[in-house]
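The lines below spell out each chain.
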Amino acid sequence: MITGNLFFLYAANFILGLMAGFFMHRSDYCVAGMFRDIFLFRRATMLRFLFLQIIVTMVFFELARRAGLLSLYPFPLLGPPTLTALAGGFLFGIGMVLAGGCVVGTLYRIGAGNVLSIVALVGILAGSALYAEMHPWWSRLAKNAILTRDAITLPQLLGLSPTILIGLITVPAILLFLHWRRRNLWRRSSVADGYIQPGQTALVLAGISLLSYLLNGMPIGVTTTYAKMAAMIEHIIAPDHVDHSAYFSARSLDIIHPDSGAHLAGSGGPYLDTIWAIQFPVIAGIVLGSLLSALHLRELTLRTRLPSRQYAMVLAGGLLLGLASRMASGCNIWHLMGGLPILALQSLLFLAGLLPGCWLGSSILARALSQRPLSSMSAP
Amino acid sequence: MSEKQQHIIAIDMRGQVCPACLLVAMDSMNKNRNALQNGSARLCITTDNREAITTIPSTARNMGYSTRVMKKASFYEICIGIISPEGVEP
C-alpha cells in the first residue's frame, strides 16, 4: 500500500472499479460464461481472453517484483495450500454458472439493470452470512487439510526463482498468442453498439490488477466486503449474534506495509476498515461504470417478468458463490486474476476445483433451462 | 415467398439468465427447421444480452441461415431465416 490515507484509497479504488465496470459491460466480459461455454457449447472463444489476461498480469507482476515495487510478495490474505480451496473452487464453479455470472459479472450486470443479477447478489450476501455459521468447523478442516506450510507459491514449493518458472510459462503462451493472431482469432465481430474487443478489456483488467497491487498491496478482491455487507445487515437484526461470531470478529488482515508504514487491518465483520476502503469502492465503481456504459448506449433495462425457475436458480447460484468464496478464501477474481499470476498454490487448487464445478453447473443449467421457452407465433 | 409474407416466430428473451437466449434460439431453429428453411417463417428474438448478439447470428449462420440484427430502443432484435441482411420496409 502506497498510503494509509483512506480518502485516497477510496478515490483510487473507485476509479479502478469504474474502469473495470465500463470495459466489462462493453465486451460482456463474463468469466462464468467463459468457463461454462467450454462445457455447454464446446467453445473456448472467450476463455482465450481470460488466458491472455492472466499471462499479461503474470508478466506485469513479475516485472514489478523485479523492479522492487512489490514489497508484499506473495500478497497478504493468501494462505498455504489447503484442500478446502479445491472444494471451495468446485462449489464456486457450480454457483457462478447457475447465477449467470461470477461475483463481479453479477455487479456489471446489475449496473446494466439485470434484475436476476440483483437476486444473485442477494444470494451472495446470504451465502456469506451462512458461511459465518460454519466458519468454526470449516476453518479447522482447512487447517487440517493444509498440504504444506512451507510454501505459498509454486516457485517457493519448487525452490525456484519466480522469474524462471514464469518465463517457462509465459514464453510458450506468448508464442501461442502470436499463432492465434496469425489465425485472426483475437478479433470478434459483433454488431453490439459500442462493442470493445475483449482482448482490449483483458489488457485493461491486467493493468487494473497491477495498479491495485501497487496501490493496495494486493490485487483486486471483492468478496470479503460482501461478507461485511452481510454482517452489517445481520447486525441490524441480531447484533449479539454478529458480535459473537467467530468469523465476523476474526481479524484476517493485520500488517504494517514495509514501504509506507501504513497499517493494513481488516476482517469480514461489519466494520469500515482497510479491507472495506479497498474493496467497497471497487464494487461501487463496477456497478456505476457499467451503469454509465449502459446509459450512454441507451441499453439500460429493468425487466422483472421472468420465469420463476430462473429466479430460483440464480438465487441458489448466488448462495453457493457467497459460501464458496469464503470456503476457498477468495473468489475467481482474487484467485485467477491475482493469485494465479504469481502461481499461488491455493489459487491453482481453486482452479482445479473450479473446472469440474463449472462442468457440473453447466449440466444442471442445461437441464433447468430446457423446460421453457416463452415463444409465441404471430402472423406478419 | 417474400419476406413480408413470412410468419414471424417471435421470442422475447429480455432480462433472462445467460445463456438462455442462445439455448432457446438453437432449440427454436431446430424445432422450426422446415418453416425457416422453406422461407415460410422467420425467427425473431428480442434480447438485451450483448453476448447473444454475437453468438446467435454466428450459430445461425453455421446452420445455413441468414441473419439480421437491429437495435430497437434499449434492446436488439435478431432475425433468422431466409431474409435480407438489410431488412424489409415496414
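Note that residues are indexed from 1 along each chain, following the sequence as it is written. Each chain is given a letter, starting from A, and each ligand a number, starting from 1, according to the order in which they appear as written. In view of the model being predicted, local features appear only for residues whose pLDDT reaches at least 70, and side-chain atom pairs are presented and counted only at 80 or more, with totals across whole chains, interfaces and linings using the full set of residues. Computation of side-chain values: all heavy atoms of the structure, hydrogens and water removed.

Explain the packing of aromatic side chains here, please?
In this description, a pair of aromatic rings is defined by centroid distance and the angle of the planes. Residues and elements named next belong to chain A. Pairing of aromatic rings covers Phe, Tyr and Trp, the last counted by its six-membered ring, and requires centre-to-centre distances within 6.5 Å; plane angles under 30 degrees mean stacked, over 60 mean edge-to-face, and any other angle means tilted. In this structure the tally under the stated criterion is 15 aromatic pairs over all chains. Summarising the aromatic geometry, the rings of Phe61 and Tyr213 are spaced 5.0 Å apart at their centres and angled 80 degrees between planes, so their arrangement reads as edge-to-face. Within this pair, whereas Phe61 is found in helix H3 (residues 47-66), its partner Tyr213 is found in helix H9 (residues 198-216), the two being separated by 152 residues in sequence. Look at Phe75 and Trp334: their rings are 5.0 Å apart centre to centre, the planes differ by 85 degrees, and that puts the pair in the edge-to-face class. In this pair, Phe75 is assigned in the loop between H3 and helix H4 (83-98) and Trp334 in helix H15 (residues 332-339), connecting sequence segments 259 residues apart. On the basis of relative accessible area, Trp334 is assigned to the buried category, the value being 5%. Secondary structure elements follow DSSP: runs of H or I no shorter than four residues count as helices, runs of E no shorter than two count as strands, and numbering proceeds from the N terminus. Here the term buried applies to any residue with accessible area under 20% of the maximum for its type, exposed to any over 50%, and partly exposed to those in between, with areas from a 1.4 Å probe on protein chains only.

I'm lost on the nonpolar core in this one. Help?
Where a protein is soluble and globular, its nonpolar side chains tend to be buried together. All names here are of chain A. Residues belong to one nonpolar core when they are buried, are Ala, Val, Leu, Ile, Met, Phe, Trp, Tyr or Cys, and are joined through side-chain atoms within 4.5 Å. Ranked by internal contacts, the top residues of the largest apolar core, which has 116 residues, are Leu50, Phe92, Val103 and Tyr226. Counting residues per element, this core draws most heavily on H3, which supplies 10 residues. If you look at the next biggest cluster of nonpolar residues, it comprises 11 residues, including Tyr131, Met134, Val242 and Leu323.

Mind showing me how you'd approach the pattern of salt bridges here?
Salt bridge criterion: a side-chain nitrogen from Lys or Arg within 4 Å of a carboxyl oxygen from Asp or Glu. Here the structure, examined in full by the defined rule, presents 14 salt bridges over all chains. Across the salt bridge formed by Asp28 of chain A and Arg109 of chain A, the nearest N and O atoms sit 3.1 Å from each other. Placement of Asp28 of chain A in the loop between helix H1 (6-27) and helix H2 (31-41) and of Arg109 of chain A in helix H5 (residues 105-111) is noted, with a sequence separation of 81 residues between them. Its relative accessible area of 7% is what places Asp28 of chain A among the buried residues. What makes Arg109 of chain A buried here is its relative accessible area of 10%. The residue Arg188 of chain A makes a salt bridge to Glu51 of chain B at a minimum N-O spacing of 3.0 Å. With Arg188 of chain A in the loop between helix H8 (162-182) and H9 and Glu51 of chain B in the loop between strand E2 (41-47) and helix H3 (52-62), this residue pair bridges two chains. Judged by its relative accessible area of 9%, Arg188 of chain A falls in the buried class.

Looking at this structure, I do not really get the packing of H1 of chain A against helix H13 (residues 274-296) of chain A. What am I missing?
Axes are the key here: two packed helices are described by the angle between their axes and the distance separating the axes. Residue and element names in this part refer to chain A. Throughout, an axis means a line fitted to C-alpha atoms (over the contacting stretch in the case of helices), and angles, computed between N-to-C directions, take values from 0 to 180 degrees. One way to put it is that H1 packs onto H13 with a least axis distance of 6 Å and a crossing angle of 40 degrees. Relative to H13, the element H1 lies oblique. Crossing geometry of H1 relative to H13 is assigned as right-handed. When the residues that make up the contact of H1 with H13 are grouped by side-chain class, the tally is 17 nonpolar, 9 polar and 1 charged. Working definition: roughly parallel below 35 degrees, roughly antiparallel above 145 degrees, roughly perpendicular at 65 to 115 degrees, and oblique for all remaining angles. The handedness criterion is simple: a crossing whose near helix is rotated anticlockwise from the far helix by less than a right angle is left-handed, and one whose near helix is rotated clockwise is right-handed. When residue character is reported, Ala, Val, Leu, Ile, Met, Phe, Trp, Tyr, Cys and Pro are called nonpolar, Asp, Glu, Lys and Arg charged, and the others, Gly included, polar.

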